[in-house]
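# Summary of structural features
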Amino acid sequence: MTGERSGPGPGYIPAIDGLRAIAVTSVILFHLWPWSLPGGFTGVDIFFVISGFVVTGSLVGREFTSFRQLAAYFYARRLMRIMPALVVMLLVSLLASQLFIPDAWLSNSLSQVARFAFFGLSNVVLATDTDSYFGPQAAYNPFTHTWSLGVEEQFYLFFPFILWWHHRLHSGAKAVRLVAILSALSLLLCAVLGIFAQKFAFYLIFPRFWELGAGMLLCLTRERWQPWAAGRRWLAPLGILLIAAGFAIPEGPLFPFPGALLPVAGTSLAIMAILGGTAPRALGGRPMVAVGLLSYSLYLWHWPVFVLFRWTVGLHTLKHQLAALVIAIALAIFSYLLVEKPLRMSPLLVRWPRGRVVAVAVAGVLVAALGGQLLIAAHNRITLSVTRDRFAWYAEPGRALPLDLTGCVPVDGGEWLGGGRIATWTARCARGEGFTLFVPADSHGLAYSPALRRLAAETGASVRLYFKPGCPYLKLIQTHASRPRCTAWYDAVEKEIAARSKPGDVVFLPGLRVTRLANQFENDRDLIGAREDVVSDAALVEARGITQRLAAGGARLVLEAPKPVFPSPVFRCADWFNRANPSCHGLTIERERMLERRRHVMRAMSALVASEKPTILWDPLPLLCPGQTCEALPGGRPLFFDGDHPSGLGNDLIYADLKRTVLGVR
């Protein structure tokens, strides 16, 4: 029969499952209690070496008459090993995500990563569209962990070619040299990208291939080193020491290069000790093997469970941490017994031709991916969150306009400038005003998109909103000079406004000019420690220069005073299933406290307005906080989406006053 062994192969080795147990346990401990194992994420590197060794061993010594037969045999085994449990996890996690996770910046990569995870490409999305593996978006994405499966699945695309070459050459010396060369080039690429593009080094297959290649080389050269390893009792202790060193080193700029060298080298030595018969017996004992057999399902399920806890009741207390761990283990056991094991060992599938197994598996993945897309599309219909009322919660540019009042829908457009974006809204209908409103800002300008778009529709103004993430404009409590990565954008915006503006135009300057009390995620490093919002003399001098340059073409300036800020991200604390989350510290702030927080900033802004004749101050605080207590969610109606960005209804509330101010300053 095609694929039967005609030569020596490693076969099943219980202690390898023991290594898998160490790998998955370290990853889970790191994700649940990172202080207990700062480098526990390197368990994935252990998995990569094991995978390279085991997958190579599954084909070495087997007879194939053609590459097609080898590929069909290989892909049938891999698809039935990986995809059924993965697809079930993706669909269940997607359903739970649509029910419990609101749309927000914090979750905006969730759907895209999930879509591509069905096809083994989530690592590419994570490398190009999100923050790092250790950043907030990754921590709140139930599918972040699928990046490592993406690396493995991409490895499988060219793996059969290498093994076929090895098979046809019999001795395989050239194939071994090829794997060694590819691994060395991969390690070099990992080192280079680690300096210039760390996310790419972390997530992508090419800078990670060397880890899988290490396992391949161990298997392809096993007959040469195994006799030597039989008498080397220092291999296991040294391997364990290197793995432990990897677990002790926290994430940082030295990972994956050279940090991943420790777990890769340690795992390689441990495998040599196992095959040399000098590894500790406990590694192949029943408890370790049992966890190792469950390792794939444990890896699949622990992360989405932890993330869903993080979004809902929280993952801060020992009670919730243990509950999440128990649920993850239970789901892993069910997955192993009901999905993974039955399909992998199905007598029916064993009898089928390998090509048919591949075709059925691929068709099943496509159907599941379509089901996942339908779940994503149904978010607003099935979510249990109050944010399903998008009109109330989301300050989206495409929010419906009150056509009975505007009578006109503006033309939406966009341009690039200085590494940032310009959103434009131009009225279709001719109006009497016909001026341009320039809005340089960060996300706090984008949060006024509904009001600005409506202003264009009602007045005939052309609105140009300039935006670059992480580049607040005229923040005052921080200078532009303190953000050198934004310098080119700041300069481009000033030059563009100075060149385009004319008398009668208006420059609107919204922004967050006090330190926020809460971000969308916990433990924002920028919020650690007490601080007082003070405008330095240098910042005030810089601000005067900026406003003078912005007004050089004759435009008038409207400077926004600080709005209320709240101690909780409102959208994360408004539902029955998340309002008790430890990240929720209340949805109100006393008016007097807010006035005190902005006292220094208001004094500086008043001085700026007094010295710059074309500049006036617009204060939305009285509108958003009419009483002694500022409320983010008065009567269940959201005025703010998170701790400091106005909602859709917040835009409606301030619109008339903003319009009156903009038209009045002209």
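Described in the following lines is the structure provided in the data block. Just so it is clear, the structure is predicted and the values come from calculations on it, not from any experiment. (Residues numbered from 1 in each chain as written. Predicted model: local features only at pLDDT ≥ 70, side-chain atom pairs only at ≥ 80, totals over all residues. Heavy atoms only, no water.)

Before going further, it helps to spend a moment on the pattern of salt bridges. Between side chains of opposite charge, pairing is possible as soon as their charged atoms come close. This structure, assessed with the given rule, holds 23 salt bridges. Between Arg81 and Glu340 there is a salt bridge; the shortest N-O distance is 2.6 Å. In this pair, Arg81 sits in helix H3 (residues 67-100) while Glu340 sits in helix H15 (residues 318-344), placing the two residues 259 residues apart along the sequence. The residues Arg81 and Glu340 share a single accessibility class, namely buried. Here the salt bridges do not stand alone but share partners, grouping Glu415, Arg464, Glu496 and Arg500 into one network. (Salt bridge = Lys/Arg side-chain N within 4 Å of Asp/Glu carboxyl O. Helix = DSSP H or I, 4+ residues; strand = E, 2+ residues; numbered from the N terminus. Buried < 20%, exposed > 50% of the residue type's maximum accessible area, 1.4 Å probe, protein only.)

This part covers empty space enclosed by the protein. Tallying each qualifying case throughout the model produces three cavities of 30 Å³ or more. Considered as a void within the structure, the largest cavity measures approximately 40 Å³ in volume. Around the largest cavity, the lining residues are Leu474, Lys475, Leu476, Gln478, Thr479, His480, Ala539, Glu542, Ala543 and Ile546. Counted by class, the lining of the largest cavity contains five nonpolar, three polar and two charged residues. (1 Å grid on protein atoms, 1.4 Å probe; cavity = no way out; pocket = protein on both sides within 12 Å on 5 of 7 lines; lining within 4 Å. Points joined across faces, edges and corners; volume = space filled by probe spheres on them. Nonpolar A, V, L, I, M, F, W, Y, C, P; charged D, E, K, R; others polar.)

Moving on, we come to the packing of aromatic side chains. Within the structure shown, the criterion is met by 34 aromatic pairs. For the pair Tyr140 and Trp311, a centre-to-centre distance of 5.2 Å together with 80° between the ring planes defines the contact as edge-to-face. Here Tyr140, found in the loop between helix H6 (136-139) and helix H7 (147-169), pairs with Trp311, found in helix H14 (residues 286-311); they are 171 residues apart in sequence, far enough to count as distant. In this structure, Tyr140 and Trp311 share a single accessibility class: buried. (Phe/Tyr/Trp six-rings, centres within 6.5 Å; stacked < 30°, edge-to-face > 60°.)

Tallied over the entire structure, the rule returns three disulfides. A disulfide bridge connects Cys625 with Cys630, and the sulfur atoms are separated by 2.1 Å. Taking the sign of the torsion about the S-S bond as the criterion, the disulfide between Cys625 and Cys630, at about -85°, is left-handed. Exposure class is identical for Cys625 and Cys630. Each is buried. (Disulfide = S-S within 2.5 Å.)

Our focus in this paragraph is the packing of helix H22 (residues 449-459) against helix H28 (residues 648-665). Look at H22 against H28: their axes get within 10 Å of each other, and the N-to-C directions meet at 50°. What the angle tells us is that H22 and H28 run oblique. The way H22 lies across H28 gives a crossing that is right-handed. In contact with Ser449, Pro450, Ala451, Arg454, Leu455, Glu458 and Thr459 of H22, H28 contributes Asn651, Ile654, Tyr655, Leu658, Lys659, Val662 and Leu663. Looking at the contact of H22 with H28, its residues break down into eight nonpolar, three polar and three charged. (Axes fitted to C-alpha atoms, helices over the stretch in contact; angles between N-to-C directions. Parallel < 35°, antiparallel > 145°, perpendicular 65-115°, else oblique. Left-handed = near helix turned anticlockwise from the far one by under 90°. Contact = heavy atoms within 4.5 Å.)

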